[in-house]
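Single-letter residue listing:
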Amino acid sequence: MFYFVALYRLHTNEKISAVVCWLQLSGPAVVLYGYSIFSQPGSDEEELSLLNPENKAQFFQVHRKYYMPLNHLLFAFCMISMASALYCLKTRWASFKSKEFSPAHVGFCAPLASHANAIQAYRASLNKYSLSPPNTFFKEFLYRYWCLSLICGTVLSVILTFKFLRHLPLWCQIDVEDDEIPPPPDETILTRLLQKGEAADAMNQHFVSAAVLQANESGALVRVLRDGKMKYVRSRRMPSMGFDPIMNTSELMSERDRLIQHISYAAKPSLDRGGMTSFDDAIRDFQEPERLRASSRRNNLNFMSFDAATLMRGDF
């Protein structure tokens, strides 16, 4: 049930990142690989009992009747996930390739390796319990497909791991000296929307999740050396937030604009907003966080806390 819900959401929400779409490979693959344990004897006594021809015949008959049908179904889910992942990657490639390399990119490694392991487990069960000859077209195709998955997964893991280790020192030593401090999560506009339940995710939506936007706006806590002591400061210079590469400023403000405008339309569907290009009406209900009225030790204007309409009007 949840598997089909996940597939539906991935194909109806183009704002879900390519890495998250690729992770769908792990779902049926891990289940299929774990399910293969049921095809093995549970103890040494059971394995010895298979030396008896009658016990062995019954063992294989039970597995052909009950074990293999579900095994075929899980294999079909694995292939559906591979086709779905490739399609989602293709539709998101134009925007994803422009992102700089980040820890999120390493999320491509494990799902493909899990998929290859699942295919090998299915091959082993098929060769053991199937009554068909070993050189059938399907078994030959399955062997070639497993080899291709294994080789691609290995090469991809080696390349991404090398790039990850090469970039790791830069990610661990973030320069925040000239960085504008982003607002804490509880002081963002999206926090209020999440608390009120107005920005809840829908099954079919065409905007970035409010939780993802909130994480991008507030950044992450990084540990830096200041005044001879290690201190935590908030920064948006992390290359990714979980499995999502971090958005640049223009992307963040544009996507936040679309989300709040969508909420405004949902709240007042009869209101005519012809020609409106910003979420001016939606923002008026919000108070600027106390953080903005307080003096900053750097006296830098953090425009991430303002809405796009305010910036365009210059009311700051």
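The paragraphs below set out a description of the structure included in this document. (Residues numbered from 1 in each chain as written. Predicted model: local features only at pLDDT ≥ 70, side-chain atom pairs only at ≥ 80, totals over all residues. Heavy atoms only, no water.)

### Observations regarding the overall build of the protein chain
Inclusion rule: Per the convention used, a helix needs a DSSP run of H or I reaching at least four residues, while a strand needs a run of E reaching at least two, with both numbered from the N terminus. Burial classes: relative accessible area under 20% of the type maximum marks a residue as buried, over 50% as exposed, and values in between as partly exposed (1.4 Å probe, protein chains only). Residues count as neighbours in contact if any of their non-hydrogen atoms are within 4.5 Å of one another. The accessible surface values rely on the Shrake-Rupley method and a 1.4 Å probe; as for residues, cover is taken only from the protein chains in view.
Tallying secondary structure elements over the protein chain gives 13 helices and four strands in all. Scored against the burial criterion, the 316 residues of the protein chain give a buried share of 41%. Nonlocal contacts in the protein chain, meaning residues at least 24 apart in sequence, comprise 75% of its contacts between residues at least 6 apart. Approximately 18,400 Å² of the protein chain is accessible, and the part contributed by carbon and sulfur atoms is 61%.

### Quick word on the environment of Ser26
Structurally, the position occupied by Ser26 is in helix α3 (residues 26-35). Separated by 88 residues in the primary sequence, Ser26 and Ser114 place their C-alpha atoms 6.0 Å from one another. Residues within four places of Ser26 in sequence aside, it is in contact with Pro111 and Ser114.

### Topic: the nonpolar core
Applicable threshold: To qualify as a nonpolar core, a set must consist of buried Ala, Val, Leu, Ile, Met, Phe, Trp, Tyr and Cys residues joined through side-chain atoms within 4.5 Å.
Membership of the largest hydrophobic core comes to 37 residues, with the highest contact counts inside it found for Trp22, Leu32 and Phe108. Those elements giving two or more residues to this core turn out to be α1 (2-12), α2 (18-22), α3, α5 (53-96), α6 (109-129) and α7 (137-172). In terms of residue count, α5 provides more of this core than any other element does, 12 residues in total. Every residue in contact with Leu32, bar those within four places of it in the chain, is listed here: Asn71, Leu74, Phe75, Cys78, Ala118 and Tyr122.

### Here's the deal with the packing of aromatic side chains
Basically, it comes down to this: Geometry of aromatic contacts follows a simple scheme: Phe, Tyr and Trp rings, the Trp one being its six-membered ring, pair when their centres are within 6.5 Å, and the pair is stacked under 30 degrees between planes, edge-to-face over 60, tilted otherwise.
What the rule picks out here adds up to 18 aromatic pairs. Ring centres of Tyr3 and Phe77 lie 5.1 Å apart, and the angle between their planes is 40 degrees; on these two criteria the pair is classed as tilted. With Tyr3 in helix α1 and Phe77 in helix α5, this pair connects stretches of sequence that are 74 residues apart. Judged by centre distance (5.9 Å) and plane angle (65 degrees), the ring pair of Tyr67 and Tyr129 falls under edge-to-face. Remark: Tyr129 occurs in helix α6 and Tyr67 occurs in helix α5; sequence separation between them is 62 residues. Through pairs of rings, three or more aromatic residues link up here, namely Tyr35, Phe38, Phe59, Phe60, Tyr67 and Tyr129.

### Concerning α1
For α1, the complete set of buried residues consists of Tyr3, Leu7, Leu10 and Thr12. The secondary structure elements touched by the buried residues of α1 are α2, α3 and α5.

### Looking at the environment of Ala110
Along the polypeptide, Ala110 turns up in helix α6. Relative accessible area serves as the criterion here: at 48%, Ala110 is assigned to the partly exposed category.

### Regarding the side chain of Arg92
Our working rule: Under this rule, positive means Lys or Arg and negative means Asp or Glu; His and the chain ends count for nothing. Salt bridges are defined by distance alone: a side-chain nitrogen of Lys or Arg within 4 Å of a carboxyl oxygen of Asp or Glu. Pairing of N or O atoms within 3.5 Å defines a polar contact, subject to two protein rules: one partner must be a possible hydrogen donor and the other a possible acceptor, and residues neighboring in sequence count only if both atoms are side-chain atoms.
Relative to the elements of secondary structure, Arg92 occurs in helix α5. For the buried Arg92, which has no salt bridge, the nearest side chain bearing the opposite charge is Glu14, at an N-O separation of 6.3 Å. A polar contact of 2.6 Å, which involves the side chain of Arg92, links it to the backbone oxygen of Ile16. Among all residues touching Arg92, those that are not within four sequence positions of it are Leu10, Asn13, Glu14, Ile16, Ser17, Ala18 and Cys21.

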